[in-house]
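Next come the chains, spelled out residue by residue.
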Amino acid sequence: MGNKYLILLVIAITLIACKKDKPTTPILEEEIAVVEKPKEVIEFGFKLNDYVVKRDTIERGDTFGVILERNKIGYPKIFHIAEKAKDTFDIRKLQVGKPYTILFSKDSLELPESFIYQPTKEEYVVINFKDSIHAFKSRKPIIYVEKTATGVITNNISETLEEQGLSPRLAYKMADEIYAWTIDFRRLQKGDRFKVIYTDKYIDDTIYTGVHNIKAAYFEHNKEPFYAFEFETDSTKGIIDYFNEEAKNLRRAFLKAPVKFKRISSRYNLRRRIAVYGYKVRPHKGTDFAAAIGTPIMATANGTVTESRRRGGNGNYVKIRHNATYETQYLHMKKRKAKVGDFVKQGDVIGWVGMTGNTGGPHVCYRFWKNGRQVDPFKQKLPEAKPISDSLKFKYLDFIKPIKYQLDNILFEPEIIENEQPEQTIIIQANS
């Protein structure tokens, strides 16, 4: 009996030992594949992930019908679509070079369902013909981002901005829109410095369209400070001007130039000599602003059109009487817009740059009369623009207090503490 128990005990121990020595099979963790969902893309009010998307631009010879026929739609349906859409958009107005998008069904047939045309970066027209035909116009969402910039002049303001990767449009706005009559930007001094609060404009969060406006600026020229604050003086007419910290208008009654020009190709010069005329003295009583053909020409001040005609070497021209003292004339236009008797306001388009009359290149010859005598507008002490009204002055001074505080607390580049980043962006508006 004892032997029997001993044998059973040995067998039990052996079985336990075998069980311990038996290699265990590892439990493999199941690998789960993570499938990333494609990023949802929404544009023109459509979820583009649901379509096959084709983008292109209008080419010479393209028409609405040609484009749709090229994309599997027959002419009977094209005619029907055009008829339904005509109250919203005239399909004959497609312009060469403008982008369009066609959305196709995401199936084996890939039939076109919507045509989207973009006449501008912001605007678009949708013609939808998936089930029923309907068309509508809309605009892409616009975001305005407030930024600040500072700089110290070493050569010129454009170079200073370029070194910081900033838009040259800032230089233009400061030189020609804000400080045009206060600071001569052709004679800036080394060490002059500036700081500016401005707004950049973006379409769909990503498409940069440039500087929208300058909210406030400070320019130190020859150690003298010049403040500028943007302020709306007439909300009905949308009149906006720049004033200094004492509510004095920085603008003059006249714009500095009648066009957004590339360069001044010829200045007022009573002793000018020209090789073509054997170097004889041929006085030039105007200022020539070189600009591309078709560039809008603006009235430099409010006034009444006294002449609008084509004559001899002047070509197409417009002449404006501003008051009993001042008159201006704009020569060599491609086409005139203003007519005799029209009252025009400063900045109104009165024609377009051309090459009519005696001219060797596209430009506008700007002539300026004071008391019936032609003079150089750049050497005249011209009257200031209309001052801010007394009723608005207190409102303005209250309005600029926080802005001036913000401007004063922007440090110039050498003053910025190392590793301390200046405030760069604030989204201030999300819709057009």
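Above this text is the structure in question.
Now for a description of the structure that goes with this document.

Conventions we followed
Residues numbered from 1 in each chain as written. Predicted model: local features only at pLDDT ≥ 70, side-chain atom pairs only at ≥ 80, totals over all residues. Heavy atoms only, no water. Helix = DSSP H or I, 4+ residues; strand = E, 2+ residues; numbered from the N terminus. Buried < 20%, exposed > 50% of the residue type's maximum accessible area, 1.4 Å probe, protein only. Contact = heavy atoms within 4.5 Å. Areas by Shrake-Rupley, 256 points an atom, 1.4 Å probe, with all protein chains shown as cover. Arc of directions from axis to C-beta. Expected span 1.5 Å × (residues − 1). Bend = angle between axes of the 7 residues up to and from the residue. Phe/Tyr/Trp six-rings, centres within 6.5 Å; stacked < 30°, edge-to-face > 60°. Lys NZ or Arg CZ within 6 Å of the ring centre and 35° of its normal. Polar contact = N/O pair within 3.5 Å; in protein donor to acceptor, adjacent residues only side chain to side chain. Pairing = 2+ DSSP bridges. Axes fitted to C-alpha atoms, helices over the stretch in contact; angles between N-to-C directions.

### Describing the overall build of the chain
When you go through the chain residue by residue, the secondary structure sums to six helices and 25 strands. Counting every position in the chain, which comprises 432 residues, the buried fraction comes to 40%. In the chain, the share of contacts with a sequence separation of at least 24, taken over all contacts with a separation of at least 6, comes to 61%. Total accessible area on the chain is roughly 26400 Å²; 52% of this is exposed by carbon and sulfur atoms.

### Quick notes on the environment of Ala292
Note on placement: Ala292 falls in the loop between strand E16 (286–290) and strand E17 (296–298). The class of Ala292 is partly exposed, set by a relative accessible area of 36%. Note: C-alpha distance between Ala292 and Val364 (72 residues apart in sequence) is 9.9 Å.

### Quick notes on helix H3 (residues 75–85)
Along H3, the residues classified as buried are Ile78, Ile81, Ala82 and Ala85. For H3, the buried positions fall inside an angular range of 100 degrees around the axis, keeping them on one side. More than 90 degrees from the buried face of H3, the exposed residues found are Pro76 and Phe79. Lining the buried residues of H3 we find helix H2 (64–70), strand E6 (123–128) and strand E7 (134–139).

### With respect to helix H6 (residues 390–408)
Over its 19 residues, H6 runs 26 Å from end to end, which matches the ideal 27 Å to within 8%, given 1.5 Å per residue. A maximum bend of about 35 degrees is found in H6 at Lys401, where proline Pro402 lies one to four positions downstream. The inward-facing, buried residues of H6 contact strand E9 (193–203), strand E10 (207–221), strand E11 (224–234) and strand E12 (239–243).

### Considerations on unusual backbone geometry
Note on backbone geometry: most residues besides glycine have negative phi, and most peptide bonds are trans. Notably, Lys72 is not glycine yet its phi reads approximately 75 degrees, a positive angle. Phi at Asn222 takes a positive value of approximately 55 degrees, unusual for a residue other than glycine. Looking at the secondary structure, you find Asn222 in the loop between E10 and E11. Look at Asn222 and you get partly exposed, because its relative accessible area is 48%.

### Observations regarding the packing of aromatic side chains
For the coordinates displayed, the defined rule picks out 24 aromatic pairs. Seen from their ring centres, Tyr202 and Tyr208 are 5.3 Å apart, and the 50 degrees between their planes marks the pair as tilted. Accessibility expressed as a relative area gives 16% for Tyr202, which makes it buried. For Tyr208, a relative accessible area of 36% translates into the label partly exposed. Arranged with centres 6.5 Å apart and planes meeting at 75 degrees, the rings of Phe231 and Phe243 form a pair that is edge-to-face. With Phe231 in strand E11 and Phe243 in strand E12, this residue pair connects regions lying twelve residues apart in the sequence. The burial state of Phe231 is the same as that of Phe243; both residues are buried. Linked through ring pairs, Phe254, Phe289, Tyr326, Tyr330, Tyr366, Phe368 and Phe378 together constitute an aromatic cluster. Of note, Lys195 hangs over the ring of Tyr218, and the distance from its end group to the ring centre comes to 5.4 Å. Taking the ring centre of Trp369 as reference, the NZ or CZ of Lys319 above it sits at 4.0 Å.

### Overview of the side chain of Ser308
Mapping Ser308 onto the fold places it in strand E18 (residues 303–311). At 2.8 Å, the side chain of Ser308 and the backbone oxygen of Ala338 are in polar contact. In this structure Ser308 touches Tyr317, Val318, Arg336, Ala338, Lys339 and Val340, once residues within four positions along its chain are discounted.

### Observations concerning the sheet that holds E7
Spatial ordering of the open sheet is given by E3-E4-E5-E6-E7, a layout of five strands whose pairing is antiparallel. With one partner strand each, in any of the chains shown, strand E3 (51–57) and E7 form the two edges of the open sheet. Along the sheet, successive strands turn relative to each other by an average axial angle of 20 degrees, direction set aside. Across five bridges, the pairing between strand E4 (residues 99–105) and strand E5 (residues 112–117) is antiparallel. Its bridge partner being in E5, Tyr100 is matched across the sheet by Tyr117.

### Section: the pairing of E9
Two faces, one strand: in a regular strand the side chains alternate between the faces of the sheet. With ten of eleven residues buried, E9 is to be regarded as a mostly interior element. Two strands pair when backbone bridges link them, and strand E8 (residues 142–152) and E9 are joined in this way by eleven bridges, in the antiparallel orientation. The residue bridging Tyr144 from the neighbouring strand is Lys201, located in E9. With eleven bridges connecting them, E9 and E10 associate as antiparallel partners.

Geometry only, nothing functional implied.
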